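Residues per chain are reported as follows:
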Amino acid sequence: NITRQDFVVVLSRIAGADLSKYNGKTKFADVSPSAYYAKAIHWATANGVISGYNATKFGVGDSLTREQLVTILSRYAQKKGVNVTPSAAALNKMNAYSDAKKINPNMKNAVAWALQNKVINGMTDTTIAPQGNATRAQVATILMNINAYKVIPGI
């Protein structure tokens, strides 16, 4: 599985973010300013790409879920000028999965957008596993899909 902080590091590198502009200090008690991921988290939160669980907890060490992953990518895409509003057909496709009701309501549009743009597929023909942990292999496949289908400029 990939952790929340490690995915933010990966995304900051793909984005070519100049992390020297960030001191690593965040509002999150679980992010040490000297940690290898601190500047990347500072960059991502300052740019609205990711948020913590609440005002003081980022979730360092927690595995990234599939729905969190596509939500972060959707936010990043939006910052790059991509329209991330899913079509009605994409929402219907998402809702056809047997576990669609498990998708966090705040993340449904991101999941539907990811399905619409072939960023992700279901885990099976009938499930999407929104709260399943994202593996490093899945992240690599998702980033390759984004590149192959030109979903987000620069990836």
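Above this text you will find the structure in question.
Participant: It is not clear to me how helix 1 (residues 4-15) should be interpreted in this structure. Could you clarify?
Facilitator: Because an α-helix packs 3.6 residues into every turn, residues spaced three or four apart end up facing the same way. Here helix 1 is 12 residues long and its end C-alpha atoms lie 16 Å apart, about the 16 Å a rise of 1.5 Å per residue gives. Those residues of helix 1 lying buried are R4, Q5, D6, F7, V8, V9, L11 and S12. The secondary structure elements touched by the buried residues of helix 1 are helix 2 (38-46), helix 3 (66-79) and helix 6 (136-148). Looking one or two residues beyond helix 1, the residue adopting positive phi is G16, at roughly 70 degrees.

Participant: What exactly am I supposed to notice about the packing of helix 3 against helix 5 (residues 108-116) here?
Facilitator: Two quantities define a packed helix pair, namely the angle between the axes and the distance from one axis to the other. Interaxial distance between helix 3 and helix 5 falls to 8 Å at its minimum, and their mutual angle equals 80 degrees. The orientation of helix 3 with respect to helix 5, classified from their angle, is roughly perpendicular. Every residue of helix 5 that contacts helix 3 at E67, V70, T71, L73, S74 and A77 is listed here: A110, V111, W113 and A114. Residue classes in the contact of helix 3 with helix 5 are distributed as 7 nonpolar, 2 polar and 1 charged.

Participant: I tried to follow the side chain of R66 on my own but got confused; where do I start?
Facilitator: Structurally, the position occupied by R66 is in helix 3. Of the side chains with opposite charge, D99 comes closest to the buried, unpaired R66, at an N-O distance of 7.5 Å. Apart from residues lying up to four places away in sequence, R66 is in contact with I120, N121, G122, M123, I128, A129, P130, G132, N133, A134 and Q138.

Reading the values: rules and limits
Residues numbered from 1 in each chain as written. Predicted model: local features only at pLDDT ≥ 70, side-chain atom pairs only at ≥ 80, totals over all residues. Heavy atoms only, no water. Helix = DSSP H or I, 4+ residues; strand = E, 2+ residues; numbered from the N terminus. Expected span 1.5 Å × (residues − 1). Buried < 20%, exposed > 50% of the residue type's maximum accessible area, 1.4 Å probe, protein only. Contact = heavy atoms within 4.5 Å. Axes fitted to C-alpha atoms, helices over the stretch in contact; angles between N-to-C directions. Parallel < 35°, antiparallel > 145°, perpendicular 65-115°, else oblique. Nonpolar A, V, L, I, M, F, W, Y, C, P; charged D, E, K, R; others polar. Lys, Arg positive; Asp, Glu negative; His and termini not counted. Salt bridge = Lys/Arg side-chain N within 4 Å of Asp/Glu carboxyl O.

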